[in-house]
Amino acid sequence: MKSIQTDVLVIGAGLTGLLTARRLKQRHIKVAIVEARSRPGGRIHTLEDETRASVEMGATWLGKKHTRLMALLQELDIGVFEQKMGERAIYEPISTSPPQLAILPPNTDPSYRISGGSSHLIKCLVDGLEEQDIHYSTVVRSIQRESEGVVVKTDAESFHASVVVSTLPPYLLMKSIDLTPALPEGLTKIALQTHTWMGDSIKVGLTYAQPFWRSANSSGTIVSNVGPIPEMYDHSNEADDRFALKGFLNGNYFSVSKGERLEMVLRQLSKYYGSVARNFSTYEECVWRSEPFTFSPYDDHILPHQNNGHELYRKPYWDGRLFLAGAETADAHPGYMDGAVRSADWVSAQSAKYLLG
């Protein structure tokens, strides 16, 4: 088994993990990242296409209140653009009444998207690291405290670090990695009752040659109590020359086939737009429940956002050798990209303090 030595080992190359590594390297601390997937980004995942609109399968939107994310984008010289909502929305309150076109009130707090796609942020963070800093397709099996530090074992490597930072969703950490010694009972109990952001979601997107939803008496903003799509939005690119619709599919449809989900989507869109809805170029989807490096089935019923941001996630464990981080652990906006940034800033400062005094 190959042995690798580092000051800080970060588990997970999502937004929190990558930014944590960036902040530590800025302090001249040696850091390595292990990532189970073959790509960085975690729950940020933009499906890019040179000929059609790119489609976000993960984190997409931010607002002015997300000040830490906004500051990071400015630091990396990445722009944002406003989400197109239009003046009206297709609203479907009940199944026994036809959908209606509702007037949208003026939006004083607009949502924004990241220029070049959410994965542009991930690429910029990766570009700021060395190629050898990130170990892809590397699944952590165990984390063990030893007298001189912490040992993290994968199938082929043994990482020895002074400090380990896990950025995995807390529930996934507890269900998938052997921790020795066990973490405090109170923390373990909370982690096993913490909702994994995005884990229940199904994201769907369709690209089109033309934005037919922008015609008179129509809209690309959909709100439906009938479903199976509860929300959908205009997902065209910033230059507005490649067009798409993207939204959420009811998460209960995770067990049916991709073809069945597509037909459900097309039937609903055809109610609003007619047969033109079926003239799509590509259909994309991500069933996050089926992503083993994001989601593990819950043992008990967990409410959306349950225990996200719990104070126990912002404490050092194993006498400062182990920290839990990630979007679910943030003290503000937990689950959002802004929460992931806040968590990275906090955990990098804490681990550096432990190492440097």
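Scroll up a little and you will see the structure.
Residues numbered from 1 in each chain as written. Predicted model: local features only at pLDDT ≥ 70, side-chain atom pairs only at ≥ 80, totals over all residues. Heavy atoms only, no water.

**Student:** Which parts of the structure should I look at to understand the overall build of the chain?
**Tutor:** When its secondary structure is counted, the chain shows seven helices and 20 strands. For the chain, whose C-alpha radius of gyration is 21 Å, the value lies close to the compact-globule estimate of 21 Å for 357 residues. Oriented by its inertia axes, the alpha-carbon framework of the chain measures out at about 70 × 45 × 35 Å. Across the 357 residues of the chain, 52% fall into the buried class. Partitioning the intrachain contacts of the chain with sequence separation of at least 6 by distance along the chain shows that 72% fall at a separation of at least 24. Side-chain charges of the chain comprise 37 positive and 41 negative groups, with the mean position of each set lying 2 Å from the other. (Helix = DSSP H or I, 4+ residues; strand = E, 2+ residues; numbered from the N terminus. Rg over C-alpha atoms; globule rule 2.2 N^0.38 Å. Buried < 20%, exposed > 50% of the residue type's maximum accessible area, 1.4 Å probe, protein only. Contact = heavy atoms within 4.5 Å. Lys, Arg positive; Asp, Glu negative; His and termini not counted. Charge placed at Lys NZ, Arg CZ, Asp CG, Glu CD.)

**Student:** Please clarify how the sheet that holds strand β9 (residues 112-114) should be interpreted in this entry.
**Tutor:** Sheet strands pair by backbone hydrogen bonding; their relative direction is either parallel or antiparallel. One open sheet accounts for three strands, arranged β5-β9-β6; its pairing is antiparallel. The sheet terminates laterally at β5 (61-62) and β6 (80-82), the two strands that pair on one side only. Looking at chain direction, β6 and β9 are connected through three bridges and run antiparallel. For E82, the partnering residue across the bridge sits in β9 and is Y112. (Pairing = 2+ DSSP bridges.)

**Student:** Could you clarify how one ought to interpret the packing of aromatic side chains in this entry?
**Tutor:** Geometry of an aromatic ring pair is reported as the spacing of the ring centres plus the angle between the planes. Applying the stated rule across the entire model yields 11 aromatic pairs. Arranged with centres 4.9 Å apart and planes meeting at 90 degrees, the rings of Y208 and F212 form a pair that is edge-to-face. According to the relative accessible area criterion, Y208 is buried, its value standing at 5%. Centroid distance F212 to W213: 5.0 Å. Interplanar angle 80 degrees. Geometry classified as edge-to-face. Considered together, F212 and W213 belong to a single accessibility category, that of buried residues. By the ring-pair criterion, three or more aromatic residues cluster together here, those being Y208, F212, W213, Y272 and Y273. (Phe/Tyr/Trp six-rings, centres within 6.5 Å; stacked < 30°, edge-to-face > 60°.)

**Student:** Explanation requested: the sheet that holds strand β18 (residues 243-249) in the structure shown.
**Tutor:** Taken together, seven strands build an open sheet; the order of strands is β8-β7-β16-β17-β18-β15-β19 and the sheet is mixed. Edge strands, defined here as strands with exactly one partner in the open sheet, are β8 (100-103) and β19 (282-287). The mean inter-strand angle of the sheet, taken between neighbouring strand axes irrespective of direction, is 20 degrees. Note: strand β15 (residues 202-208) against β19, six bridges, orientation antiparallel. The residue of β19 that forms the bridge with I202 is V287. (Axes fitted to C-alpha atoms, helices over the stretch in contact; angles between N-to-C directions.)

**Student:** Explain the environment of L179 to me, please; I cannot follow it from the model alone.
**Tutor:** Residue position: L179 is located in strand β14 (residues 178-180). Through-space distance from the C-alpha of L179 to that of Y112 is 39 Å; in sequence the pair is 67 residues apart. When residues no more than four places from it in sequence are discounted, the contact partners of L179 are I143, L173, M174 and W318.

**Student:** When you look at the side chain of N237 in this model, what are you seeing that I'm missing?
**Tutor:** Residue placement: N237 occurs in the loop between β17 (231-234) and β18. Only 2.7 Å separates the side chain of N237 from the side chain of D241, close enough to count as a polar contact. Residues contacting N237, with those up to four places away along its chain left out, are F81, K84 and R242. (Polar contact = N/O pair within 3.5 Å; in protein donor to acceptor, adjacent residues only side chain to side chain.)

**Student:** Would you mind going over the pairing of strand β2 (residues 31-34) with me for this structure?
**Tutor:** Successive side chains on a regular strand alternate, one facing one side of the sheet and the next facing the other. Alternating positions in β2 separate into two faces, V31 and I33 on one and A32 and V34 on the other, with burial throughout. The pairing of strand β1 (residues 2-11) with β2 spans four bridges and is classified as parallel. Directly across from L9, in β2, lies its bridge partner A32. Read from β1 through helix α1 (residues 15-26) to β2, the crossover connection turns out right-handed. Where β2 meets strand β10 (residues 134-135), two bridges bridge the pair, whose relative direction is parallel. Directly across from I33, in β10, lies its bridge partner I134. (Right-handed = clockwise from strand over helix to strand, strands pointing away.)

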